[in-house]
Amino acid sequence: MWGLGVFAYTVAVFHRASLGVAGLDAEQRFGINAGVLSLLGVVQLAVYAAMQVPVGVVLDRIGSRRMIVAGAVFMACGQLLMATAGSLPAGLAARVLVGAGDAMTFISVLRLIPAWFPARRAPLVTQLTGLLGQAGQIVAAFPLVAGLHAEGWTPTFATAAAAGVLVAVAVAVGLRNAPPGVTMVAATGRRAALRASWREPGTRLGLATHFVTAFSGNVFALFWGYPYLVEAQGLSPAAAGGLLTLLVVAGMGIGPLLGTLAGRWPLRRSVLVLGVVLSSALTWGVVLLWPGRAPVWLLAVLVLVLAGNGPGSILGFDFARTENPPARLGSATGIVNVGGFVATLLMILVVGLLLDTSGSYRVAMSAQYAFWAVGLVGVLVTRRQVRRRRNIVVDAFPRAVVRRLAAARS
């Protein structure tokens, strides 16, 4: 069951990332500049972020299987429209459909985990879900680029649409929301569940965590990383694709590590979050301050550090899982997932606008520091609220007590 969910999420990530590696081709096809190109990504992610809360509320009512099928159908329609699009309005409509379908997938897969796995394994399985799903970026980085160059725009995106249909059929036939004899409790009141999820400090900590950790890696992997490596750093398309693949592969190693640490020391998860953010900010600072083009080894280090952003953002969902009852897990997860994608779409837009006004990737990418500052304040404030609510001081507890508290919360 989990494998079917991961398969659906992997294809969703492929759809999500397809515009990023096809960005330069899209500029030529639609006759647009970098600022307008960023609008396509912003619209897609805006739809994704705007739908997270309503999708989460509905998910608590209808379950994962129906929601994942609906998402796959939406994304297939979007990619089919993109295959035939010859103008900017058609391209925008296509990315709206992709964003809507994408919004229905990930949190639906996460909701399967409490039903099919014991609580002590949930942090690790959540990380594995995220990192295995990111394999869709590999498909976008290499086969999609190869298809665009060999077969052209229309056949490549039509094939992507067929992948969405395959997911819809497989999930509709094979996926079950819970094991036989297990019933996932549905939330009784949509508005009440949403209000209760928001009032929970752990949900807000998850939101701040997702905001501050996700955007830098997302912006790089989904939209501006490929143009940045090719245009600003002078790499070949193959080398740029290789670094994007390295980002995904490295994340596959970092994700299980963070998941294991979060499961063993649940009251130290925010320390992991701060480490992910500060390492990203420091490495970007070295790259941006490097005179001229950065050496390939430094770009590889940047990619390795950014590989921790995705796993770091998934810790936000773990905060939501441990601080909310199962009946409102969908709405809480939806709230958390808004954070990173709001930050991502705003950052994509800011980078495009700064590129058009300054012509400098160095200036455009420096805007990340404002987002990091806002997100870090959010993490520190909400972490204090969570700790005050629990009325504990983490450092005062021996490891055995921490483990008992973690087991009780799970």
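Conventions and cut-offs
- Residues numbered from 1 in each chain as written.
- Predicted model: local features only at pLDDT ≥ 70, side-chain atom pairs only at ≥ 80, totals over all residues.
- Heavy atoms only, no water.
- Helix = DSSP H or I, 4+ residues; strand = E, 2+ residues; numbered from the N terminus.
- Buried < 20%, exposed > 50% of the residue type's maximum accessible area, 1.4 Å probe, protein only.
- Contact = heavy atoms within 4.5 Å.
- Lys, Arg positive; Asp, Glu negative; His and termini not counted.
- Charge placed at Lys NZ, Arg CZ, Asp CG, Glu CD.
- pLDDT = per-residue confidence, 0-100.
- Core = buried A, V, L, I, M, F, W, Y, C linked by side-chain atoms within 4.5 Å.
- Bend = angle between axes of the 7 residues up to and from the residue.
- Polar contact = N/O pair within 3.5 Å; in protein donor to acceptor, adjacent residues only side chain to side chain.
- Salt bridge = Lys/Arg side-chain N within 4 Å of Asp/Glu carboxyl O.

*Asks:* Summarise the overall build of the protein chain; cite the residues concerned and give the values.
*Replies:* The number of helices and strands found in the protein chain is 19 helices and zero strands. Dimensions along the principal axes, computed over C-alpha positions, put the protein chain at roughly 60 × 50 × 35 Å. Taking all 410 residues of the protein chain together, 58% fall into the buried category. Relative to all contacts within the protein chain whose residues are 6 or more apart in sequence, the contacts with residues 24 or more apart total 83%. Of the side-chain charges in the protein chain, 32 are positive and 11 negative, and the distance between the mean point of each set is 15 Å.

*Asks:* Please provide a residue-by-residue account of the confidence of the model for the protein chain, values included.
*Replies:* Predicted confidence across the protein chain gives a mean pLDDT of 82, with 91% of residues reaching 70 or more. Summarising per-element confidence for the protein chain, the mean pLDDT is lowest in helix α19 (residues 399-409) (48) and highest in helix α14 (residues 296-306) (94). Here residues 392-399 scores under 50 on pLDDT; set against residues more than four positions off or in separate chains, the count is 11 contacts. Confidence over residues 404-410 falls short of pLDDT 50; this stretch has seven contacts with residues more than four positions distant or in other chains.

*Asks:* Residue-level account of the nonpolar core, with values.
*Replies:* Counting residues in hydrophobic clusters, the biggest one holds 100 residues, and the most contacted among them are Phe220, Trp224 and Trp284. If you tally residues by element for this core, the top one is helix α11 (residues 201-232), at 14 residues. Within the second largest apolar cluster, five residues are counted, among which are Val55, Leu59, Met67 and Met104.

*Asks:* Requested: an account of α11, with residues and values cited.
*Replies:* The sharpest bend along α11 comes to roughly 80 degrees, located at Trp224, with the proline Pro227 sitting one to four residues further on. Of all 32 residues in α11, 29 are buried; the element is thus mostly enclosed. At the N-terminal boundary of α11, the capping side chain belongs to Glu200, with an oxygen 3.1 Å from the backbone nitrogen of Gly202. Looking at the residues trailing α11, positive phi occurs at Gly234, about 70 degrees.

*Asks:* Outline the pattern of salt bridges, listing residues and values.
*Replies:* As enumerated under the stated definition, the model contains three salt bridges in all. Between Asp60 and Arg111 there is a salt bridge; the shortest N-O distance is 3.1 Å. Of this pair, Asp60 sits in helix α3 (residues 34-62) while Arg111 sits in helix α6 (residues 106-116), placing them 51 residues apart in sequence. Looking at Asp60, the relative accessible area reads 3%, which means it is buried. Taking relative accessible area as the criterion, Arg111 reaches 6% and is therefore assigned buried.

*Asks:* Residues and numbers for the side chain of Ser64, please.
*Replies:* Looking at the element boundaries, Ser64 is found in helix α4 (residues 64-84). Look at Ser64 and you get buried, because its relative accessible area is 3%. In this structure the side chain of Ser64 is engaged in a polar contact, spanning 2.6 Å, whose partner is the backbone oxygen of Ser108. What Ser64 contacts, discounting residues up to four positions off in sequence, is Leu59, Ser108, Arg111, Leu112 and Asn177.

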